[in-house]
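# Remarks on the overall topology
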Amino acid sequence: MSDDRPAWARRIAAERAARDWSQRDAVRALRAHATEELPGDDSMIRQWKRWESGQIPNEFYRPLLAAVFGTVTHALFPAPARRDGDREILAASGMETLEIVSRLNRSDVDAATLDALRMTTDRLCSEYPYMPSEQLLLEGRQWLRRVVELHSKSLTLAQHREVLALSGWLALLVGCVEYDTGDRHAAESTRRAALSLATEAEHAEIGGWAHEMRAWFALTTGDYRGVVAAAQAGENWRHTTALLCSWPRKRPRRGHG
């Protein structure tokens, strides 16, 4: 039987279940984030049931619900898009999506194509608070697959590192949206892939975000020991990466970016 509830309603129910909360427990958590008195428990439990069935909360309750589950309002309740990403990319790069994809099928990759891919990646990451999760997940996975396929092309050392970085950013985005939609197993696998890409590219920022995602996953499920472990793992990774970057090499040093 298909579930035709809005994505946010399914997520609220899934987030509550992941914490092993009853609806009364969820209402108790909601009160802890409220700055003013809420209606009685019986009334709030009935309201919570309506939310989980798909009745949209009003503007007062939306940020409270987001806070309960450790996220921001627009990540749980996407706002209408404020940008025309495709138009921005066309204006900046002179290429539409079809042309970018066509260029990716060539045996080699030029600087203009990488610039367009960088803009596309930035556009997708910027749409995280606004684009519906299902749409963003679909687009993010499509572009991640296209960028990953570039590894089989003829690339210079600098281009290879750029492609690794773009793959890492897209993997971080996809992992976040997978977690938002309740697919925690896939989110953790994608996060690990992003960390692997960061290690290969020696990209400290992507690696830092990958460890922060691990901490976020733990925090939002009440695993406070896991938060500490993630922070320690991130610090160890940072030190290891710094040592690798300073180790003498026979090949040319890679630039930063």
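Below is a summary of the structure that appears in this document. Everything numeric here is computed off the predicted structure, so don't read it as measured data.

Attention now moves to the packing of aromatic side chains. Summed over the entire model, instances satisfying the criterion amount to 9 aromatic pairs. Relative to Y61, the ring of F60 lies with its centre 4.9 Å away and its plane at 80°, an arrangement referred to as edge-to-face. For F60, a relative accessible area of 32% translates into the label partly exposed. What makes Y61 buried here is its relative accessible area of 12%. Ring centres 5.7 Å apart and planes at 45° place the aromatic pair W216 and F217 in the tilted group.

Okay, helix α3 (residues 41-53) next. Counted at 1.5 Å a residue, the expected span for α3 with its 13 residues is 18 Å, and the 18 Å between its end C-alpha atoms agrees. Inspection of α3 places M44, I45, Q47, W48, W51 and E52 among the buried residues, and these make up the whole buried set. End-on, the buried residues of α3 take up no more than an arc of 160°, which puts them together on one face. The exposed residues of α3 that point more than 90 degrees off its buried face are D42 and S53. Lining the buried residues of α3 we find α1 (7-18), α2 (23-33) and α4 (61-68). Phi for G54, located one or two positions after α3, is positive at around 120°.

What follows deals with empty space enclosed by the protein. According to the stated counting rule, one finds 1 cavity of 30 Å³ or more in the structure shown. Taken as a whole, the largest cavity holds about 40 Å³ of empty space. Lining the largest cavity are A75, Y128, M131, S133, L136, V177 and D180. Listed by contribution, the elements that provide at least two residues to the lining of the largest cavity are α9 (133-149) and α10 (157-180). Along the lines of polarity and charge, the residues of the lining of the largest cavity split into 5 nonpolar, 1 polar and 1 charged.

Taken as a whole and judged by the stated rule, the model has 16 salt bridges. Residue E15 is joined to R11 by a salt bridge in which the shortest nitrogen-to-oxygen separation is 3.2 Å. Of this pair, E15 and R11 are both found in helix α1, 4 residues apart, which corresponds to roughly one turn of the helix. Relative accessible area serves as the criterion here: at 2%, E15 is assigned to the buried category. Owing to a relative accessible area of 6%, R11 belongs among the buried residues under this scheme. One salt bridge connects R191 with E188, and the closest N-O pair in it is separated by 2.9 Å. Here R191 pairs with E188, and both are found in helix α11 (residues 184-201), just 3 residues apart, close to one helical turn. Each of the salt bridges in this network shares a partner with another, and the network as a whole consists of R11, E15, R19, D180 and R184.

Reading guide: rules and limits
- Residues numbered from 1 in each chain as written.
- Predicted model: local features only at pLDDT ≥ 70, side-chain atom pairs only at ≥ 80, totals over all residues.
- Heavy atoms only, no water.
- Phe/Tyr/Trp six-rings, centres within 6.5 Å; stacked < 30°, edge-to-face > 60°.
- Buried < 20%, exposed > 50% of the residue type's maximum accessible area, 1.4 Å probe, protein only.
- Helix = DSSP H or I, 4+ residues; strand = E, 2+ residues; numbered from the N terminus.
- Expected span 1.5 Å × (residues − 1).
- Arc of directions from axis to C-beta.
- Contact = heavy atoms within 4.5 Å.
- 1 Å grid on protein atoms, 1.4 Å probe; cavity = no way out; pocket = protein on both sides within 12 Å on 5 of 7 lines; lining within 4 Å.
- Points joined across faces, edges and corners; volume = space filled by probe spheres on them.
- Nonpolar A, V, L, I, M, F, W, Y, C, P; charged D, E, K, R; others polar.
- Salt bridge = Lys/Arg side-chain N within 4 Å of Asp/Glu carboxyl O.

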